[in-house]
Structures are given as C-alpha cells and as structure tokens.
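Listed here are the chains, written in short residue letters.
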Amino acid sequence: MTAKTYDVLIVGGGVSGTALLYELARYTDLDRIGLIEKYNDFATVNSKSSNNSQTIHCGDIETNYTLEKALKVKRTAGMLVNYAKSLPDDERDQIIFKYPKMVLGVGHDECDFLRKRFDVFKGHYPGMTLLEKEQVAEVEPQVIHTESGPRKEEIIALAITDDYTAVDYKAISESFVKQAQKTDKDIDLMLETGVHSIEKEGEIFKVQTNKGEYQARFVVVCAGGHSLLLAQQMGYGLNFSCLPVAGSFYFTPQVLNGKVYTVQNDKLPFAAIHGDPDVRVPGKTRFGPTALLLPMLERYNSKTIPEFFKVLKLDGSVFKVFWDLFKVSDIRNYIFKNFLFEIPWVRRRLFLKDARKIVPGLKLSDVTFAKKFGGIRPQLIDKDNKELMLGEARINPGTGIIFNMTPSPGGTSCLGNGENDLREIAKFLGCGFDEEAFNRELLDS
Ligand SMILES: Cc1cc2nc3c(=O)[nH]c(=O)nc-3n(C[C@H](O)[C@H](O)[C@H](O)COP(=O)(O)OP(=O)(O)OC[C@H]3O[C@@H](n4cnc5c(N)ncnc54)[C@H](O)[C@@H]3O)c2cc1C
C-alpha cells in the first residue's frame, strides 16, 4: 500500500498500458506515474507474442479496411516503427522484423477487386506493388508451385517487399517500460496486483487491489475485456456488451518467406486467415487465426468465465446482434466451422482446406495445432445501435478516467491510442505536453 497520490495510474501492463506509460513519461511533465498489472510480468495476455499475429497493420494489405481506416492505422503503425527504429540496432532487431507481405487474390473476382483497390491505394502507399502470378512465385514460390506444376487459378497480389511488417508486442511492451524508467520521472510498477474496483472520492480515484488501495488524479484502464468489467462496476459503458472472439493458430514447416494474407469476405466481420513466420519460432510458418466465440474474457483462464457473463448483460439488444449475425449464412457457417476447428481429429483436416488457398501443396502431415497459442479479441456490442463494433473502443466519461478495449489492430495502434489518452489527460490535468518532441520522434519518418 502507498499513501502517494499518482498523477496517472494505468491499469493493465499489456502493449496498450506500457505504450501510454512511455508516452506520459517521455512527453509530458507529469511526475508520478504508476502502472498496475495483475500478473508477475508485462504483456502475458493478448500482447504475448504467441497470442496474436505479430503483424504491424498499415492498412495496405488488410482488405477489410476502408481507405479512411487504412490511413488511420498507417499513422499509428508508423509511430510504432519510428519508436523501434530510434533504439540501438540490437534492441530494435528484437522488436521489429522485416518480411515481405502481400494480400493474395485467387480467382477472377478477387483479382479484379485487388486491381481496383491498387488504383485507389497506391498513391497512399508508395512501397506497394501489384504482382502478377510469376512475380508472386518469385517472392513466395510455394504459393504458386505444387508437385504437379503451377496452380491454374488466376492469381495476383498486392505486396510490400521491403518494410518492417512484424513486431513482438511483448518485447516492445518491455522496451516501453525500460525507456520510461530511463526518464527522470517517478515511476512505480506494481506487478502481481489485481484491481478489484475503482471509485472516485472528490477529485481523487481510489483503486482497490489485492495489495491495498492506490490513489490517483487520473486513471486509464487498459485491461482488455476487463476494462469493460471495471467500467460497468462504476456505472459506465452499460450500453455495451462484449463478444470475446478467440483465435487459434496452426504450424507447418516453413513454406512462406513472409506474410501472406487473403482477401476478406466482406460478409464476415473477422479477418480472413493468413500465413506468416512466427518471430519467436524459427523454421516454421504459422497459419491462422481462427475466430471462435468463447465465453471468457481471457483465453485459457476459466476464472474469467463468470466475468464474461457479468459484461455480457444478455438482453433483447444483445440477442438481436447475435440473431443478425446468425441470420447471414456466410457468418453462420463460419461460426460453426470455427467450432469444428477446435475438435482434435477434425480440426487439422478442416483447417488444411483453408490453408491450401495460400499454399496449395500443404499436406495433412504438415499441419499441427499450435497448443496454447492465440488470445481473445474483446469485440464490443453497441446495445443502443444494436451492432457489433469492429476495432478498438474507448469509454471516456470525461471525469478523469478512461477505459480502453483493444481487439485487433490494438497492438499496432498502441502508441496512437496512447496519444489520444495523453491528450485527454493533458487537457484534464492541465499538464505540459512536449508535442514538438512527440511529432519529431514518433511521427516524422
Ligand atoms: C488472435 C489474435 C491476433 C491478433 N493479431 C494482431 C496483429 O497481428 N496485429 C495487431 O496490431 N493486433 C493484433 N491483435 C490484437 C492485439 O493482440 C491486442 O489489440 C493487444 O495485444 C491489446 O493489448 P492490451 O494491452 O490492450 O491488452 P492485453 O495485452 O490483453 O493486456 C491487458 C493487461 O491488463 C491486465 N489486467 C486485466 N485485468 C486486470 C486487473 N483487474 N488488474 C490489473 N491488471 C489487469 C492483464 O493481465 C493484461 O496484462 C490480435 C489479437 C488476437 C487475439
């Protein structure tokens, strides 16, 4: 327990919380900053390298993004890369990685779609090229060639072949903490400290944990699905429900040199599968993620099942969102298929079919289920508008507390989301913000 009153207390030590810690320490004149994390290490939940796809999403190959959304993530992706590039080379090389990346169009409709997309996007992404089939084979031979010769379908790809495209979100979280500690700010890191509840008394927030009470003038909760739980305990965000979407992965021997994404079915709200190197598992290719609806806020943690039911708040509006999803046959089939992906004998066979869209020569014996890999995307349901929200969400009642919920691309957006919080904090507490240094270091490339 501490009698200190923090200027800002951050709850959650994943990539979102640690990015904010770094930005506050480096670019504001706030002095007392605390970070509370319930586990004994940073980034062990969704930001752990094995639990996400490790992609730096720039919007160039994500066909489910509009141009507007793409340019938004491009900016935040740039911040992440600029941060990592400012580190000594050996540290940078443990955090961000260069692999070629592409989105593959298979068949006439997808190729036509990608050609049109290229015309719209190329002006915004100077590194983007359109690869015809033979050029795809030069970058990713196994996407085109099989034992019986080159595949017959029409194929093109939109590709970026020389850029940072992958990141270890745990490594960057640890780096944020280390760099924050190098500043002259008074920073406290409270590990193995779980927040039970938060209340406001006068101007001060009182944060109750298993290790006692902490006090702060401003609180930012970056606790994934648990952010909604803590918000609702305070009476905020009651118009939201949560749909946790788990993602599993499969390993094969190394069949790809870089990241190969597929064109999104626009009826499906969750990203199509892709194949790519795992930055921590050399010599393999990792395919996925699947999209499995699971009644828990944290993957592989059954203690979070009752917490899920608390935030679900099942009523007519939530039921309508589920009904609307199930009504669409593509979505219904996709949901059922993703359940089957979890059944041991069936899953490899079924997944192989999907993975063969990327690498047609894959065999059943090549595919193994990646045990204990894959986290949960806490997608929110907007009960007022009866719709499933994609991307990150934020509850900001304007009272000195913010709650962040961060499904994909929340890893990529960590510094961008942190910037939004920082600006809100600066306004609320009236503290200084060195915007010139911020822009120079994170935004200018
Ligand atoms: C399958 C999958 C693939 C993905 N792929 C990508 C990708 O390629 N690129 C990308 O940009 N994003 C991706 N994402 C999303 C990305 O992983 C998340 O957006 C990001 O990790 C969220 O970081 P976070 O810090 O907000 O949450 P988390 O990493 O989940 O951290 C939350 C932290 O809060 C702590 N916490 C929770 N409750 C409490 C409490 N009561 N008290 C104290 N601490 C608490 C937890 O222990 C945890 O450390 C993917 C996600 C999944 C599931």
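The structure reproduced in this document is the subject of the present report. Just so it is clear, the model here is predicted, and its values are computed rather than measured.

1. Topic: the sheet that holds strand β15 (residues 250–253)
Strand pairing in a sheet is mediated by backbone hydrogen bonds. Such pairs are either parallel or antiparallel.
Here's step 1: Reading across the sheet, the 8 strands line up as β5-β8-β4-β16-β17-β18-β15-β20 and stay open at both edges, with mixed pairing between neighbours. The open sheet has two free edges, formed respectively by β5 (129–132) and β20 (368–369), since each of these has just one partner strand.
Here's step 2: Here β15 pairs with strand β18 (residues 281–288) via 4 bridges, running antiparallel. Paired with Thr-252 across the bridge in β18 is Thr-285.

2. Some details on the packing of helix α1 (residues 15–27) against helix α14 (residues 435–443)
Here's step 1: Across the interface, α1 lies against α14 with an axial gap of 10 Å and an inter-helix angle of 130 degrees. Compared by their axis directions, α1 and α14 come out oblique. The two elements α1 and α14 meet at a crossing, and its hand is right-handed. Residues Tyr-22, Glu-23, Arg-26 and Tyr-27 of α1 touch α14, and the partners they reach there are Ala-437, Phe-438, Glu-441 and Leu-442.
Here's step 2: Counted by class, the contact of α1 with α14 contains 5 nonpolar, no polar and 3 charged residues.

3. So, the pattern of salt bridges
Here's step 1: Applying the stated rule across the entire model yields 35 salt bridges.
Here's step 2: Between Arg-440 and Glu-441 there is a salt bridge; the shortest N-O distance is 3.7 Å.
Here's step 3: Take Glu-441: its relative accessible area is 23%, and that puts it in the partly exposed class.
Here's step 4: Residues participating in the shared-partner salt-bridge network are Arg-26, Glu-436, Arg-440 and Glu-441.

4. Points about helix α10 (residues 316–327)
Because each turn of an α-helix spans 3.6 residues, side chains separated by three or four positions end up pointing in the same direction.
Here's step 1: Taking 1.5 Å per residue, 12 residues should reach 16 Å; α10 reaches 16 Å between its end C-alpha atoms and fits that length.
Here's step 2: When α10 is considered as a whole, its buried residues turn out to be Ser-317, Val-318, Val-321, Phe-322 and Leu-325. End-on view of α10: buried residues confined to an arc of 145 degrees, all on one side of the axis. Opposite the buried face of α10, at more than 90 degrees from it, the exposed residues are Gly-316, Phe-319 and Trp-323.
Here's step 3: Those residues of α10 hidden inside the fold are in contact with β14 (240–246), α9 (305–312), α11 (329–340), β21 (376–382) and β22 (387–388).

5. Observations concerning helix α12 (residues 344–355)
Here's step 1: Its 12 residues give α12 an end-to-end C-alpha distance of 17 Å, which sits within 8% of 16 Å, the value for a rise of 1.5 Å per residue.
Here's step 2: Every buried residue of α12 is listed here: Arg-347, Phe-351, Leu-352 and Ala-355. One side of α12 holds all its buried residues, which, seen down the axis, span an arc of 130 degrees. In α12, the exposed residues that point more than 90 degrees away from the buried face are Trp-345 and Lys-353.
Here's step 3: In this fold, the buried residues of α12 make contact with β15, β18, α11 and β20.

6. Remarks on the site of the ligand
Here's step 1: The local shell around the ligand holds 38 residues, among which Ser-16, Glu-37, Ser-47, Thr-406 and Thr-412 are the closest.
Here's step 2: Side-chain polar atom of Ser-16 to an oxygen atom of the ligand: 2.6 Å apart, as the coordinates give it.
Here's step 3: Between the ligand and Ser-53 there is a distance of 3.0 Å, counted from a nitrogen atom to a backbone nitrogen or oxygen.
Here's step 4: Alone, the ligand offers 1000 Å² of accessible surface; in the complex the protein occludes 97% of this.
Here's step 5: Mapped onto the shell around the ligand, the elements with two or more residues apiece are α1 and β21.
Here's step 6: For the shell around the ligand, the residue count by class is 13 nonpolar, 22 polar and 3 charged.

7. As for a nonpolar patch on the surface
Here's step 1: A cluster of nonpolar side chains, contributed by Leu-314, Phe-319 and Trp-323, occupies part of the molecular surface with about 380 Å² of accessible area.
Here's step 2: Residue placement: Trp-323 occurs in helix α10.

8. Description of the packing of aromatic side chains
Here's step 1: Scanning the model with the defined rule gives 15 aromatic pairs in all.
Here's step 2: The interplanar angle of 85 degrees and the centroid separation of 6.0 Å between the aromatic rings of Tyr-22 and Tyr-27 together place this pair among those described as edge-to-face.
Here's step 3: You can call Tyr-22 buried: its relative accessible area is 7%.
Here's step 4: Here the aromatic rings of Tyr-236 and Phe-403 are separated by 6.0 Å at their centres, their planes lie at 50 degrees, and the arrangement is tilted. In this pair, Tyr-236 is assigned in the loop between α8 (225–233) and β14 and Phe-403 in strand β24 (residues 401–405), connecting sequence segments 167 residues apart.
Here's step 5: Exposure remark for Tyr-236: the relative accessible area of 21% places this residue in the partly exposed category.
Here's step 6: Grouping aromatic residues by their ring pairs yields a cluster made of Tyr-22, Tyr-27, Tyr-83, Phe-176, Phe-433 and Phe-438.
Here's step 7: Above the face of the Phe-249 ring, Arg-286 is positioned so that its terminal group lies 4.3 Å from the ring centre.
Here's step 8: We note Arg-349 situated over the ring of Trp-345; from NZ or CZ to the ring centre the distance is 3.7 Å.

9. Some words on empty space enclosed by the protein
Here's step 1: For the structure shown, the criterion picks out 1 cavity of 30 Å³ or more.
Here's step 2: What lines the largest cavity is simply Ser-16, Cys-222, Asn-404, Cys-414, Asn-417, Gly-418 and Asp-421.
Here's step 3: Top element by residues in the lining of the largest cavity is helix α13 (residues 414–429). It accounts for 4 residues.
Here's step 4: Residue composition of the lining of the largest cavity, grouped by class: 2 nonpolar, 4 polar and 1 charged.

Cut-off values and rules
- Residues numbered from 1 in each chain as written.
- Predicted model: local features only at pLDDT ≥ 70, side-chain atom pairs only at ≥ 80, totals over all residues.
- Heavy atoms only, no water.
- Pairing = 2+ DSSP bridges.
- Helix = DSSP H or I, 4+ residues; strand = E, 2+ residues; numbered from the N terminus.
- Axes fitted to C-alpha atoms, helices over the stretch in contact; angles between N-to-C directions.
- Parallel < 35°, antiparallel > 145°, perpendicular 65-115°, else oblique.
- Left-handed = near helix turned anticlockwise from the far one by under 90°.
- Contact = heavy atoms within 4.5 Å.
- Nonpolar A, V, L, I, M, F, W, Y, C, P; charged D, E, K, R; others polar.
- Salt bridge = Lys/Arg side-chain N within 4 Å of Asp/Glu carboxyl O.
- Buried < 20%, exposed > 50% of the residue type's maximum accessible area, 1.4 Å probe, protein only.
- Expected span 1.5 Å × (residues − 1).
- Arc of directions from axis to C-beta.
- Near = heavy atom within 4 Å.
- Polar contact = N/O pair within 3.5 Å; in protein donor to acceptor, adjacent residues only side chain to side chain.
- Areas by Shrake-Rupley, 256 points an atom, 1.4 Å probe, with all protein chains shown as cover.
- Patch = residues over 30% accessible without salt bridge, like charges linked within 9 Å, V, L, I, M, F, W, Y side chains within 5 Å.
- Phe/Tyr/Trp six-rings, centres within 6.5 Å; stacked < 30°, edge-to-face > 60°.
- Lys NZ or Arg CZ within 6 Å of the ring centre and 35° of its normal.
- 1 Å grid on protein atoms, 1.4 Å probe; cavity = no way out; pocket = protein on both sides within 12 Å on 5 of 7 lines; lining within 4 Å.
- Points joined across faces, edges and corners; volume = space filled by probe spheres on them.

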